[in-house]
Amino acid sequence: MKSRSKALVAGFAAFGIVASLAACTTPGASSGKTEIRVATFPAGADAAAYEAFAVQEAQFEEANPDIDVIGVEYEWEGPTFAVQLAGGSLPDVFTVPFTDAKTLLQNDQLMDVTAEAEALGYADKINPILLEAVQDDAGNIYGFPRQAYAMGLHYNRELFEAAGLDPDSPPTTWEEVREDAKAISDATGKAGYMQMTMNNTGGWQLTAATVAHGGRTQVDNGDGTYTSTINNPGTVAALEFLKTARWEDNSLGSNFLLDWGTINQEFAAGNIGMYTTGSDIYTALVRDFSLDPSVYGITVVPTDGEDPGTLGGGDIAVMSPAIDAATKAASVKWIDFYYMQRLFNEDAAKLDAKTLADSDQAVGTPLLPILDDETEQQRLSWIEEYVNVPRDQMTGFFDGIGAQTPVGEPKAQTQAIYALLDAVVQAVLTDQNADIDALLTKADEDAQALIDGN
Amino acid sequence: MTITEKAPALLESEREQRVLTPRARQRRSPLTWFRGGGLSNLIFLAPMLIVFGVFSWSPIIQSFIMSLQKTNLITSQWVGLDNFANVLADPLLGTAVLNTLYFAGLALVFGFPLPLLLAVLMSEVKRGKGVYSALAYLPVIIPPVVAVLLWKFFYDASPTGVFNTIIGWVGIPPQPWIQSAVSAMPSLVLEATWAAAGGSIIIYLAALLSVPPELYDAAEVDGASIWRKIWHVTLPQLRGVLFIMLILQVIATAQVFLEPFLFTGGGPNNSTVTVLVLIYRYAFQNSLGGNYGEATALSVMLAIVLAVLSFAYFKLTERWSSN
């Protein structure tokens, strides 16, 4: 009897465990609407961003009463994206950088949206160079390029003033960057200039600096093969600049292990005078890193050497290939509403800008045109009354970007090669005797091995 | 003495009884298994079996399988031992192994004797032992990520950093700490020792309580100093615990990940890339689908090395720890 009651208790206990586990996977009650899970902001975004999103969500649901939009915190991050993708935990609608789109679509990991893009008229409107990033060899379209940026030199006006520099005359050559960095460092004890060095971003920014110095780290042979050209004069010049600023001027501060998040944090905290990253960073700096807009300044990255340019990038709104037809249709409507219409439809552009401005979100950040320059200028004129970013502190960028040639990121083994270059940048910044030529020769061999093994 | 003499006799008689009883000779059938409480045993065991099976054994088996595959976690193909060959051909593997050995060596030299020394000293304290134990254990209750972020402030390489300010008081110039390939690894070991010492101290303190006080009394009668008492009484009595703690530390340091990952990301210039950081990089460095096959292949190799090491260690120390 005793043993039976024990068994009974154990049975109930086991049932309880199984039932509670099962409950974890029970889907919520269906509202009868098509539910779509869409990417919103990185975790930690300020409350106003969510307020603006909630308003836009309500606007969309009012126009589409049969669709229920569920916002999901999301940020594209190299290390976690692959796992989220494989594990099926990505939202239905999310964004990926240009560099990832080709491989994802080749691996059948993106939804084909050719018919929808054509029906909405985007196939003809989007800049063909950007559209090409989301097309397969047959010309099918797998996403909507929604934002493009060029590299910018971001600077802290307050530190410029503290160093006796004119914040309205930011540096226009690398030599001036060096001089200003030293002036800031000497006057304030802060890092005058710094670059990202970790988690693949060191390689990304070294590639950007290489392009600015007229070099290229990889050559597309046009036949599906690529040649690594990491040991080129542009990369050497970029590293020599860092070496001089670090070991002769001591103007780079004392923290040489920074990635995208931490360098933004340091810049927003007023610990870095200048750094390079995408021109669209203003929104994140203010929204996620609490930057005081009055101290912000941006200009173009100085260029020199033969055939210099500005490393461009951007992201694409895409959908998981696993979603059903109804979710796909609803997701396309959302992408059209949330990302695309505001680019060329006056009413949508104004509504979007007003909603964002009402919630104190950035309107008018420096971007590259997704469609054509004329449409972009028209869009800016529509939203002029809502522009709340300090555009007069961005004139260096607006005045100079037109003269710079956008250059795409390397296509083969991009992230893995960026990781290789992280170590090169770190070596130059932490070892006074680092041999730049030897480091680049080794990185070049390793990069070619990665490309060949692809 | 009488107790120890009687006990084997009782056991012997019990054994005889079992052999002779008809029940013991009976073949076990499902019915006897059920009547003997087999089902309730199984039901009680089931939650543990399910949890271990799903969350522990199944991933271990899947890792072995994955190490022989090229996979993006959606589609997989068998590649034999290619993953192992690729890992062994990776020039960074040698760096990672050496870095791991360096970390383990430093942790052994500084991290292993320190808790023992502190535990012995604390056991000698007559008053406020609880306060010292609590203080020693405090770092263990701080979440490891929080501890690392805290130490990042300490390691600030600017002249105004916490440690640099402190060493500045005695005229030592600012040090780069985690910002230099030379000092990064010792800096990680320092934090790791601080974080882990409390746990070891508590275990040693408990073990010290089991040392019979009459041994100390006898040593004192013989005129032994405190150091001779530690050397001739304490350490031999703690031998078993020391051997276990040593192998546990070796296994833990061979799998060091948190400190290099959070402090330096493996830098500067790969000077703190450990085997586990390399495994992480294989799996997650590339946003377009990591090299999970190679990551698991290196994990399997590490597990085999640690298993062989543990086995050899226990065989070598079997005689010492049992004496």
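Above this note sits the structure.
Just checking my understanding: could you explain the overall build of chain A for this structure?
Along chain A, the regular secondary structure elements total 19 helices and 13 strands. Against the 2.2 N^0.38 benchmark of 22 Å for 454 residues, chain A shows a C-alpha radius of gyration of 24 Å, consistent with a compact globule. Dimensions of chain A along its principal axes, counting C-alpha atoms only, are 85 × 60 × 50 Å. Counting the 454 residues in chain A, one finds 54% classified as buried.

Just to check I follow, could you spell out the overall build of chain B for this structure?
Within chain B one finds 17 helices and two strands. The buried share among the 323 residues of chain B stands at 36%. In chain B, 62% of the contacts between residues at least 6 apart in sequence involve partners at least 24 apart. Accessible surface computed for chain B: about 19500 Å², of which carbon and sulfur atoms make up 70%.

It is not clear to me how the packing of aromatic side chains should be interpreted in this structure. Could you clarify?
Each aromatic ring pair is described using two quantities: the centre-to-centre distance and the angle formed by the ring planes. As enumerated under the stated definition, the model contains 35 aromatic pairs over all chains in all. Centre to centre, the rings of A:F53 and A:W334 are 5.7 Å apart; their planes meet at 65°, and the pair counts as edge-to-face. One end of the pair, A:F53, is in helix 2 (residues 47–63); the other, A:W334, is in helix 14 (residues 325–344), with 281 residues separating them in the sequence. For A:F53, a relative accessible area of 4% gives the class buried. By way of ring pairs, the aromatic residues B:W151, B:F154, B:Y155, B:F163, B:W177, B:W194 and B:F263 are connected into one cluster. A cation over an aromatic ring shows up here: A:R246 above the ring of A:W247, its NZ or CZ 3.9 Å from the ring centre. A cation over a ring is seen here: A:R342 above A:Y338, with NZ or CZ 5.8 Å from the ring centre.

For this particular structure, what's the right way to read the environment of B:F154?
With respect to the element layout, B:F154 can be found in helix 9 (residues 144–154). The residues contacting B:F154, other than those within four sequence positions of it, are B:V162 and B:F163.

Where do I start with the interface of chain A and chain B in this structure?
Interface size, as often reported, equals the accessible area lost upon joining of the parts. Facing the 33 residues of chain A at the interface are 29 residues of chain B. Carbon and sulfur atoms make up 62% of the surface buried where chain A meets chain B, a total of about 2500 Å² over both sides. Linking chain A with chain B are zero salt bridges. Our enumeration of links across chain A and chain B arrives at four residue pairs in polar contact (both at pLDDT 80 or more). The set of elements that each furnish at least two residues to the side of chain A that touches chain B consists of helix 1 (2–25), helix 3 (78–87), helix 4 (98–106) and helix 18 (414–430) of chain A. With seven residues, the single largest contributor to the side of chain A that touches chain B is helix 18 of chain A.

I keep staring at the pairing of strand 3 (residues 93–97) of chain A and nothing clicks. Help me out?
In the case of a regular strand, side chains alternate between the two sheet surfaces. The element strand 3 of chain A is largely enclosed, with a buried count of five among its five residues. Of the two faces of strand 3 of chain A, the one holding A:V93, A:T95 and A:P97 and the one holding A:F94 and A:V96 are both buried throughout.

Analysis parameters
Residues numbered from 1 in each chain as written. Chains lettered and ligands numbered in written order. Predicted model: local features only at pLDDT ≥ 70, side-chain atom pairs only at ≥ 80, totals over all residues. Heavy atoms only, no water. Helix = DSSP H or I, 4+ residues; strand = E, 2+ residues; numbered from the N terminus. Rg over C-alpha atoms; globule rule 2.2 N^0.38 Å. Buried < 20%, exposed > 50% of the residue type's maximum accessible area, 1.4 Å probe, protein only. Contact = heavy atoms within 4.5 Å. Areas by Shrake-Rupley, 256 points an atom, 1.4 Å probe, with all protein chains shown as cover. Phe/Tyr/Trp six-rings, centres within 6.5 Å; stacked < 30°, edge-to-face > 60°. Lys NZ or Arg CZ within 6 Å of the ring centre and 35° of its normal. Buried area = accessible area lost by both parts, 1.4 Å probe. Salt bridge = Lys/Arg side-chain N within 4 Å of Asp/Glu carboxyl O. Polar contact = N/O pair within 3.5 Å; in protein donor to acceptor, adjacent residues only side chain to side chain.

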